[in-house]
Amino acid sequence: MIIYGSDLCPDCINCKADLDKAGVAYEYRSITEHLPYMKEFLALRDREELFAPVREAGYIGIPCIQTEDGTLSLSWEQFV
């Protein structure tokens, strides 16, 4: 699983802490530390319907979880 997020985001910090505590393996991609990860995330965000309400509300949409089969989720709680 891949987590797109930022250590500037409290939800992303909580997401990582909860997944770590539950022993869930993931790859963390910081969109604020690595421009290529930001580009990957924005490509997902701009084309996926899941993000429509997020975009309309003016939010970023992180943490974003991408499972191995490519499914996207904005809720990490289902994985802990």
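Read on for a plain summary of the structure. (Residues numbered from 1 in each chain as written. Predicted model: local features only at pLDDT ≥ 70, side-chain atom pairs only at ≥ 80, totals over all residues. Heavy atoms only, no water.)

Regarding the nonpolar core
And step 1. Ile2, Tyr4, Cys9, Cys12, Ile31, Phe41, Leu44, Phe51, Ile62, Cys64 and Leu72 together form the largest nonpolar core, which totals 11 residues.
And step 2. Contributing elements (two or more residues each) for this core: β1 (2–5) and α2 (35–47).
And step 3. Core analysis: the second largest hydrophobic core is formed by 5 residues, Cys15, Leu19, Ile65 and Trp76 among them. (Core = buried A, V, L, I, M, F, W, Y, C linked by side-chain atoms within 4.5 Å. Buried < 20%, exposed > 50% of the residue type's maximum accessible area, 1.4 Å probe, protein only. Helix = DSSP H or I, 4+ residues; strand = E, 2+ residues; numbered from the N terminus.)

Description of the sheet that holds strand β3 (residues 64–66)
Backbone-to-backbone hydrogen bonds pair the strands of a sheet. The strands run either parallel or antiparallel.
And step 1. Taken in spatial order, the 4 strands of this open sheet run β2-β1-β3-β4, and their pairing is mixed. The open sheet has two edge strands with one neighbour each: β2 (27–30) and β4 (72–73).
And step 2. In the sheet, β1 pairs with β3 via 3 bridges, with the strands oriented antiparallel. Across the sheet, residue Tyr4 finds its bridge partner in β3, namely Cys64. (Pairing = 2+ DSSP bridges.)

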